[in-house]
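# Analysis of the macromolecular model
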Amino acid sequence: MLHSGWNAPEERTDGILPRQSRSPGAFTDRGKRASALPEGPLACHHDAGRLSPAGIERMRGRKNTTQGRGSMSAFSFECLSGPHEGERFAINTARVVLGRHPSCEVPILDTSVSRHHAAITREGERLLIEDLRSRNGTTVNGRRLAGRRLLAHGDEIVVGSQRMRFVDARAAVGGGDETTYQENDEEFVASSAGSSLIVSQMELPSPSADDVLAGHAEAQLRALFGINRAIGNSLSLKEVLPRLLDGLFDIYPQAERGFVLLCEPGSGRLLLKEKKFRTLQEQGPLRLSQSVLDAVTRSRRAILSNDLMADERFDASQSIMAGPMRSVMCVPISRADGEVIGVVQLDSRESGLGFRQRDLEVLAGVAGAAAQAVEQALAHDARVVQEKLKRDLEIAHRVQQGLLPSKPPEIDGYEVFDFYESAQHVGGDYFNYVPLSEGRMAVVLADVSGKGVSAALVMATLAADVRYCLASEPDLVAAVTKINESFCQNGWDERFATFVVVVIDPCRHRATLVNAGHLPVYVRDAQGGVQGVGPEQGGLPLGMDPGGSFRSSQIDIAPGTTLVLFTDGISEAMDIEDHIYGLDRLEALVAQPAGSAEEIGRRILTDVERHAAGQARSDDMCLLCVGRPAHGGGGAIRAGSPRRPGRPLA
């Protein structure tokens, strides 16, 4: 028999979201700014007679003319693509939060953006950005953000599908259009200082041509022989790229700096992988020409640029003056099919002793020979990463198994059967048994959204909260409420967890159950009648609402009664035609005659395995059966996995 108890939620005045105070400059429900409010942290401007979204200055093709050292409005962001493409917002306070939540100073309407995704903070004359543990992360100039990072004029930030460029009006006055990249703790600036700097271009030689660079065969052979010998036995990029630059510095004594940049998989952005200097590195950020890099990767041609300082169009450019490189060679590193995977650049301050056409030809030949070594090194490094990931997952699997009970508990007068199998090395399904006072036992089952390592990490934190709250709070509804509050406070962002807990009192033969958004718990009586206790009798999943309320159900456990708890890996198992197993089939199977909880559990596993017919698992599977035998007795039974040799289902 079921008896429902209800804990009435506190009265809410604003729907699901908790009440929030409006920040200065917020918008009313009708999209109009309250006239009595002062200007908020972000300058908001009219465009075509309407207001842009809060915190966004809608600008298309207009330059930010706000300048002046120390002025907060000297900093702004231009939206290059994404839901706010063409718009710009200026920063007017010491801290600005970007995210999908309406309370953010910069709301971004994009489901790939977390509710509170990233924050921008001003410290004196510096602006720093940090990721707020977002689900998809934040990238700056193609690098995933870890910790806080100083922003420089021209930095490109990606938040979800929103791509933005940081503008410092003080740096933009000089007219230099730069992008700052970061390698470890060092930076270099790629300046788009005009493609007119190119004075010579040449097609890359075909690797199969017999007459490649015949006019400079001696120099090319010397270069190829030395570099091939140096990198021939190298396996990883950390070995190949330094040896490549060492060989090039031997060939070109006039070279003062050397760089190797490789294309990032997916985005195609050039990332600095290796650098070399003839003398000590100059102070400040390194500077490279963005136009030359772009021209090389687009055209797949080797490029020679000479006498940058003599070009009158760049006399006033601070970006060029800060890095006075007169002679530059840049060649692509290409696969056999012509795809560019990176570039090699050498440069020198001396135009008189700089590079010539024959130097470019030799460098192009060297890059062609080095491409195969780079490809092999990339493949090697990828294999190393995969092997390390595999070892890490094996360790994570052992750790997660340690969080799960090693065997079912002994409950006087009851029989307990359990089964668990993750779809990957680690998973988000969780079950446990928590001993309570007066001989009671809490049976817990949860399913964290998602799969793999991230879900397993959430599960590990949830496991600790569950054990603590159930042991310290005698009221089950209050305990689940605390678990939900802790889950929300942990900032798992879009993560949630369906959760069900059943407290068995073997002395009174009574169970108290709370179902937080989980699949129904089937209660089977001795005659085969089945009743489901679903989330409509409990509450929302954990993590959905910090102020969520839950209610409990009371279950009388007569002889022959069995409780069946399961995750969606059971009910949603797919056959070869993508038909799910389904709750109806599962309920009908539970209703069939059975003499014990073990018999019901093994019957379910056998039928699910028959339905899946060898299909690969797409979700974790967990099944718990707790029964009071019709004629006394009891015990703990651990099910064998159908995927492990020597441990049959029946």
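A quick note: this is a predicted structure, and the numbers were derived from the prediction, not measured.

### Considerations on the pattern of salt bridges
Using the criterion set out here, one finds 17 salt bridges in the structure. A salt bridge links Arg-165 to Glu-78, with the nearest nitrogen and oxygen atoms 2.8 Å apart. Taken together, the residues Arg-165 in strand S16 (residues 162–168) and Glu-78 in strand S6 (residues 75–81) connect sequence positions 87 residues apart. Relative accessible area serves as the criterion here: at 15%, Glu-78 is assigned to the buried category. Across the salt bridge formed by Asp-347 and Arg-257, the nearest N and O atoms sit 2.9 Å from each other. Linking Asp-347 in strand S25 (residues 340–348) with Arg-257 in strand S20 (residues 257–263), this pair joins segments that are 90 residues apart in sequence. For the pair shown, Asp-347 and Arg-257 are each scored as buried. Residues joined by salt bridges that share partners form a network here, namely Glu-123, Arg-126 and Arg-148.

### Observations concerning the sheet that holds strand S9 (residues 106–107)
Pairing within the open sheet is mixed, and its five strands lie in the order S9-S8-S10-S11-S14. Edge positions in the sheet fall to S9 and strand S14 (148–150), since each of these pairs with one other strand and no more. Looking at chain direction, strand S8 (residues 95–99) and S9 are connected through two bridges and run parallel. Looking at S9, one finds that Leu-98 is bridged to Val-106.

### Re a nonpolar patch on the surface
On the surface, Phe-496, Leu-540 and Met-544 cluster together into a nonpolar patch covering about 270 Å² of accessible area. If you trace the backbone, Phe-496 turns up in the loop between helix H8 (476–489) and strand S29 (497–505). Accessibility expressed as a relative area gives 30% for Phe-496, which makes it partly exposed.

### So, the nonpolar core
If you look at the biggest cluster of nonpolar residues, it comprises 55 residues, and the most contacted ones within it are Leu-462, Leu-470, Phe-499, Val-501 and Leu-542. When residues of this core are assigned to their parent elements, the largest contribution, eight residues, is made by helix H7 (residues 452–472). Once residues lying within four places of it in the same chain are set aside, the contact partners of Leu-542 are Leu-462, Val-480, Ile-483, Asn-484, Phe-487, Phe-496, Ala-497, Phe-499, Ala-516 and Phe-550. The next biggest cluster of nonpolar side chains, apart from the first, holds 32 residues, and it includes Val-260, Leu-346, Val-362 and Val-366.

### A few points about the pairing of S16
With five of seven residues buried, S16 is to be regarded as a mostly interior element. Pairing of S6 with S16 involves six bridges; the strand directions are antiparallel. Following the sheet pairing, Phe-75 is matched in S16 by Asp-168. Linking strand S15 (residues 156–159) back to S16 in an antiparallel pair, the connection comprises two residues, with Gly-160 at a positive phi of about 65°.

### Focus: the environment of His-518
On the secondary structure map, His-518 appears in the loop between strand S30 (510–516) and strand S31 (521–524). Classification of His-518 by relative accessible area gives buried; the value is 3%. Once residues within four sequence positions are removed from consideration, His-518 is found in contact with Leu-445, Asp-447, Thr-498, Phe-499, Val-500, Pro-535, Phe-566 and Thr-567. A polar atom in the side chain of His-518 sits 2.7 Å from the backbone oxygen of Phe-566.

### Focus on unusual backbone geometry
Although it is not a glycine, His-509 adopts a positive phi angle of roughly 50°. Summarising the element assignment, His-509 is placed in the loop between S29 and S30.

### Re helix H4 (residues 290–299)
Within H4, burial applies to Gln-290, Ser-291, Val-292, Leu-293, Ala-295 and Val-296. Positioned one or two residues after H4, Arg-300 has a phi angle of 60°, which is positive.

### Describing the confidence of the model for the protein
With 71% of its residues at a pLDDT of 70 or more, the protein shows a mean pLDDT of 75. Within the model, pLDDT remains below 50 along residues 3–72, and this stretch shows 129 contacts once partners closer than five positions in the same chain are excluded.

### Description of the pairing of strand S34 (residues 562–566)
Summarising burial for S34: five of the five residues are buried, a large majority. The side-chain alternation of S34 yields two buried faces, one formed by Thr-562, Val-564 and Phe-566 and the other by Leu-563 and Leu-565. Relative to S34, S31 runs antiparallel, the two sharing three bridges. Bridging across to S34, Val-523 finds its partner in Leu-563. Bridge count between S34 and strand S35 (residues 621–627): five bridges; the pairing is antiparallel. Bridged to Val-564 within S35 is Cys-625.

Conventions we followed
- Starting from 1, residues in each chain are numbered consecutively following that chain's sequence as written.
- Residue-level local features of this predicted model are given only where pLDDT is at least 70; pairs of side-chain atoms are given and counted only at 80 or more, and the full residue set underlies all totals for whole chains, interfaces and linings.
- For side-chain calculations, the full set of non-hydrogen atoms in the structure is used, while hydrogens and water are omitted.
- A pairing counts as a salt bridge when a side-chain nitrogen of Lys or Arg comes within 4 Å of a carboxyl oxygen of Asp or Glu.
- Secondary structure counts use DSSP, requiring at least four H or I residues in a row for a helix and at least two E residues in a row for a strand, with both numbered from the N terminus.
- Think of it in three bands: residues with accessible area under 20% of the maximum for their type are buried, residues over 50% are exposed, and the middle band is partly exposed, with areas taken using a 1.4 Å probe on protein chains only.
- Note on pairing: two strands pair once DSSP finds at least 2 bridges between them.
- A patch consists of residues whose relative accessible area exceeds 30% and which take part in no salt bridge; residues with like charges are grouped when within 9 Å of each other, and nonpolar side chains (Val, Leu, Ile, Met, Phe, Trp, Tyr) when within 5 Å.
- We get accessible surface area from the Shrake-Rupley algorithm with a probe of 1.4 Å; when it comes to residues, only the shown protein chains can shield them.
- Here the nonpolar core consists of buried residues drawn from Ala, Val, Leu, Ile, Met, Phe, Trp, Tyr and Cys, with membership extended through side-chain atoms lying within 4.5 Å.
- In what follows, residue pairs with any heavy atoms lying within 4.5 Å of each other are defined as contacts.
- Definition of a polar contact: a pair of N or O atoms within 3.5 Å, with one able to donate and the other able to accept a hydrogen when the atoms are protein atoms, and with sequence-neighbouring residues admitted only if both atoms are side-chain atoms.
- By definition, pLDDT measures how confident the predictor is in each residue, and it falls between 0 and 100.

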